[in-house]
Amino acid sequence: MKSKAEVVVIGGGSTGTSIAYHLAKLGVDVVLVEKEYLGSGSTFRCATGIRQQFTDEANIKLQKYNVERWKKLSEELEYDINFKQTGYLFLATTEEEVEAFKENIKLHNRFGVPTRLITPEEAKEIVPLLNADEFLAGQWNPTDGKANPFKTVFAFSRKAKELGAEIYEYTEVTDIIVENNEVKGVKTNRGTIKADVVVNATNAWAPIINEMAGLDRDFIPIKPYKHQIVKTEPLKEGQIEPLVCPPAWNDSYVIQDGEDGGVICGTGLEHGPTYDVTPTYDFLREVLKWATRIIPALKYVHVLRQWAGQYAKTPDSNPAIGKINSIDGFYIAAGFSGHGFMMAPGVGEAMAELIVKGKTHVPLDWEWYDPHRFERGELRSTAFQIG
Amino acid sequence: MSEKGERIICRCNEVTLEEIEALIEQGVADIEMIKRLLRIGMGPCQGRTCLPMVISIIARKTGKSPDEIKLPATRIPIRPVPAGVLVGDMNEE
Ligand SMILES: Cc1cc2nc3c(=O)[nH]c(=O)nc-3n(C[C@H](O)[C@H](O)[C@H](O)COP(=O)(O)OP(=O)(O)OC[C@H]3O[C@@H](n4cnc5c(N)ncnc54)[C@H](O)[C@@H]3O)c2cc1C
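Residues numbered from 1 in each chain as written. Chains lettered and ligands numbered in written order. Predicted model: local features only at pLDDT ≥ 70, side-chain atom pairs only at ≥ 80, totals over all residues. Heavy atoms only, no water.

Novice: Would you take a moment to explain the overall build of chain A for this structure?
Specialist: For chain A, the count of helices and strands is 8 helices and 19 strands. Relative to the globule expectation of 21 Å for 387 residues, the C-alpha radius of gyration of chain A, 20 Å, shows essentially globular dimensions. By the burial criterion, 63% of the 387 residues in chain A qualify as buried. Once local pairs closer than 6 in sequence are excluded, the contacts in chain A between residues at least 24 apart make up 72%. (Helix = DSSP H or I, 4+ residues; strand = E, 2+ residues; numbered from the N terminus. Rg over C-alpha atoms; globule rule 2.2 N^0.38 Å. Buried < 20%, exposed > 50% of the residue type's maximum accessible area, 1.4 Å probe, protein only. Contact = heavy atoms within 4.5 Å.)

So this is what it looks like as structure tokens:
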């Protein structure tokens with residue numbers, strides 16, 4: 001193992017591997033350390049969805065940019081990460097929701113996201129098995145999509161290594177070395193790595209890493225919540241290609257896996273705060289109650305797998321991204337709630353540029369995601385979250 | 001052996017010995033990543049057939065002892081169950 005690098009990135013999920021790749025691309029001597037295997041945190045447990053349909057300017061702009069990145073990512077990384085623009089379809093059950101959809105659509109359109117209001121009949125054309133009678137209208141954006149998280153993490157890390165990055169799996173950071181308010185490196189269970197820049201990309205575990213650097217654990221109050229998924233046997237392609245979500249039905253969603261066609265089903269039931277990721281029976285019943293209401297034919301489809309992972313939540317469900325002012329060389333990108341996978345390409349690029357150039361061309365609103373906002377008692381409007 | 005003379009290791013997702021070996025030769029020797037890139041153990045049988053074989057392939061190719069290679073998590077419900085049964089909605093059918 002190397003004992004010195006320019007930058008150490010802690011955490012090998014979609015965020016950390018993207019940051020490492022973008023740093024290596026800028027010629028930085030970077031090391032990434034991951035306590036288990038790459039993706040073992042939230043990333044390999046996610047629902048694969050990528051959307052621009054948020055309810056605030058900062059997230060919409062960042063995600064519009066990210067979709068452009070996702071479109072070119074397979075080519076750029078020379079590995080097919082299976083990004084598909086199969087859309088996101090939100091469904092309204094009340095007139096108030098239809099009005100809210102109209103407002104959202106105006107906001108999306110203002111930033112160039114081509115969301116539109118559709119009828120239940122149109123929704124049924126997009127999702128043939130939909131129980132369309134229960135809904136008044138749809139908020140549809142065909143340019144949202146999905147990608148394969150396993151391949152994305154693999155492709156980022158493979159390319160990063162090709163560009164000179166070192167990646168150490170099963171290597172746990174046990175302490176951060178800080179002298180005179182400057183970062184000097186990290187201690188791991190396999191030895192010390194000296195570096196003047198350390199990036200905390202550990203998402204649900206970020207407060208533990210912050211504490212190692214001498215910060216208060218609640219300086220950035222990220223809390224781990226257990227969220228789960230149930231996956232069915234494969235259906236014929238094209239049955240439920242977009243992510244389909246009636247927010248009023250407990251934020252439940254269904255989406256066909258872009259890889260094997262099985263249906264991924266989620267719902268808003270959460271447990272925690274907890275680091276436990278044991279699947280629970282209450283979730284199985286709750287999620288299937290809604291999923292079979294959205295798509296009644298799912299009753300006859302076999303459930304194959306259930307798993308759980310973390311939503312790393314901040315009080316406003318927006319991540320903390322940026323520089324920690326009180327410790328020179330210490331950066332963070334964590335607390336991504338239910339939407340960190342979709343943000344990974346642009347966040348990695350912006351972080352790498354921030355570290356190397358002090359600024360970025362990525363339309364990422366640093367003030368919005370400011371890690372210091374909680375300390376000041378400021379919150380953003382809550383980022384729209386599903387599941 | 002399949003028609004093409006390939007040796008199928010994972011029957012659910014039709015993954016061959018050759019594919020697994022090729023990945024290990026590229027340096028992907030961790031069972032968790034092999035599982036996710038090739039989808040072994042993610043089909044209806046939950047890896048009952050393939051995972052022990054994959055472990056011995058990794059052990060043979062990397063020189064590790066099979067005991068050092070941990071099995072990936074088994075996911076409930078273990079055997080496929082229709083969603084309608086789990087929501088209690090198929091009583092009269
Ligand atoms: C059920 C579910 C569904 C979801 N659906 C979606 C979706 O559709 N779209 C979407 O965009 N997002 C979704 N998410 C959220 C998404 O998974 C996360 O926001 C995203 O994966 C965060 O990536 P990350 O790299 O920041 O964190 P993680 O993937 O959690 O990576 C952090 C890593 O840090 C490592 N680490 C922790 N402590 C240490 C240490 N001391 N030393 C070394 N390494 C350490 C961990 O092992 C972990 O691998 C979902 C999440 C869940 C649970």
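Next, the rest of the story.
Novice: I would appreciate a short explanation of the overall build of chain B in the present structure.
Specialist: In terms of regular secondary structure, chain B is built from 4 helices and 3 strands. Scanning chain B from its N terminus toward the C terminus, one meets helices and strands in the order β-β-α-α-α-β-α. The globule rule puts the C-alpha radius of gyration for 93 residues at 12 Å, and the 16 Å found for chain B is more than 25% above it. Along the first, second and third principal axes, the C-alpha atoms of chain B reach 55 × 35 × 20 Å. Sorting the 93 residues of chain B into buried and exposed places 45% on the buried side. Just so you have it, chain B exposes about 5,200 Å², and 50% of that area is on carbon and sulfur atoms. Side chains of chain B carry 13 positive and 14 negative charges; the gap between the two charge centres is 5 Å. (Areas by Shrake-Rupley, 256 points an atom, 1.4 Å probe, with all protein chains shown as cover. Lys, Arg positive; Asp, Glu negative; His and termini not counted. Charge placed at Lys NZ, Arg CZ, Asp CG, Glu CD.)

Novice: What am I meant to see in the site of the ligand here?
Specialist: Residues and elements named next belong to chain A. Around the ligand, the surrounding shell holds 39 residues, and the nearest of these are Thr 15, Glu 34, Ser 42, Thr 43 and Met 342. For the ligand, the accessible surface in isolation is 1,000 Å², of which the surrounding protein chains cover 98%. Elements that contribute at least two residues to the shell around the ligand include exactly helix H1 (14-25), strand E13 (223-234) and strand E17 (302-313). With 3 residues, E17 is the largest single contributor of residues to the shell around the ligand. Broken down by class, the residue content of the shell around the ligand amounts to 14 nonpolar, 21 polar and 4 charged. (Near = heavy atom within 4 Å. Nonpolar A, V, L, I, M, F, W, Y, C, P; charged D, E, K, R; others polar.)

Novice: Whenever I open this one, the interface of chain B and chain A confuses me. Can you help?
Specialist: Frequently, the measure chosen for interface size is the accessible area that the parts lose on association. Counting residues at the interface gives 27 residues for chain B and 32 residues for chain A. Residue Asp 257 of chain A pairs with Arg 39 of chain B through a salt bridge whose shortest N-O separation is 3.6 Å. At the junction of chain B and chain A, the tally comes to 12 residue pairs in polar contact (both at pLDDT 80 or more). Every element with two or more residues in the side of chain B that touches chain A is listed here: helix H2 (31-38), strand E3 (81-82) and helix H4 (83-86) of chain B. The greatest single-element share of the side of chain B that touches chain A, amounting to 5 residues, is contributed by H2 of chain B. (Salt bridge = Lys/Arg side-chain N within 4 Å of Asp/Glu carboxyl O. Polar contact = N/O pair within 3.5 Å; in protein donor to acceptor, adjacent residues only side chain to side chain.)

Novice: Would you explain the side chain of Thr 15 of chain A in this entry?
Specialist: All names here are of chain A. Within the secondary structure, Thr 15 is located in helix H1. On the basis of relative accessibility, which here comes to 9%, the residue Thr 15 falls in the buried class. Sequence-distant contacts of Thr 15, defined by excluding residues within four places in its chain, comprise Ala 201, Ala 333, Phe 336, Ala 344 and Val 347.

Novice: How do you make sense of the environment of Thr 74 of chain B when you look at a structure like this?
Specialist: Looking at where Thr 74 of chain B falls in the secondary structure, it is placed in the loop between helix H3 (50-62) and E3. A C-alpha to C-alpha distance of 18 Å links Thr 74 of chain B and Ile 9 of chain B, two positions 65 residues apart in sequence.

Novice: Even after reading the chapter, I still don't get the packing of helix H1 (residues 17-25) of chain B against H3 of chain B, so can you show me in this structure?
Specialist: Geometrically, a packed helix pair is captured by the angle between its two axes and the distance between the axes. Residue and element names in this part refer to chain B. Contact geometry of H1 with H3 gives a least axis separation of 11 Å together with a crossing angle of 40°. By the angle between their axes, H1 is oblique relative to H3. For the pair H1 and H3, the crossing hand works out as right-handed. Contact with H1, carried on its side by Leu 17, Ile 20, Glu 21, Ile 24 and Glu 25, involves Val 54, Ile 57, Ile 58, Arg 60, Lys 61 and Thr 62 of H3 and no other residues of that element. Taken together, the residues of the contact of H1 with H3 break down into 6 nonpolar, 1 polar and 4 charged. (Axes fitted to C-alpha atoms, helices over the stretch in contact; angles between N-to-C directions. Parallel < 35°, antiparallel > 145°, perpendicular 65-115°, else oblique. Left-handed = near helix turned anticlockwise from the far one by under 90°.)

Novice: Help me understand the sheet that holds strand E8 (residues 166-168) of chain A, please; the structure alone is not making it clear to me.
Specialist: Two modes of strand pairing occur in sheets, parallel and antiparallel, and in both the strands are linked by backbone hydrogen bonds. Residues and elements named next belong to chain A. What the 6 strands build is an open sheet, ordered E8-E2-E1-E12-E19-E18; its pairing is mixed. Strand pairing shows two members of the sheet lacking a second neighbour, E8 and strand E18 (320-323), which therefore form its edges. Within this sheet the neighbouring strands show an average axis-to-axis angle of 15°, counted without direction. Sheet topology places strand E2 (residues 30-33) next to E8; 3 bridges connect them, and they run parallel. Following the sheet pairing, Val 31 is matched in E8 by Glu 166. Lying over the sheet, helix H8 (residues 344-357) contacts strand E1 (7-10), strand E12 (197-200), E18 and strand E19 (330-334), oriented at roughly 170° with respect to E19. (Pairing = 2+ DSSP bridges.)

Novice: What should I look at first to understand the pattern of salt bridges in this one?
Specialist: A pair can form between side chains of opposite charge whenever their charged atoms are brought close. Residue and element names in this part refer to chain A. Applying the stated criterion across every chain, the model contains 33 salt bridges over all chains. Ionic pairing is found between Glu 270 and Lys 313, a salt bridge with its closest N-O pair at 3.2 Å. With Glu 270 in the loop between strand E16 (262-266) and helix H7 (281-294) and Lys 313 in strand E17, this pair connects stretches of sequence that are 43 residues apart. Judged by its relative accessible area of 30%, Glu 270 falls in the partly exposed class. Residue Arg 376 is joined to Asp 370 by a salt bridge in which the shortest nitrogen-to-oxygen separation is 3.0 Å. Residue Arg 376 is classed as partly exposed on the basis of its relative accessible area, which comes to 45%. Here Asp 370 falls in the buried class, since its relative accessible area comes to 15%. What you see here is one network of salt bridges that share partners, running through Lys 25, Arg 69, Glu 76 and Glu 349.

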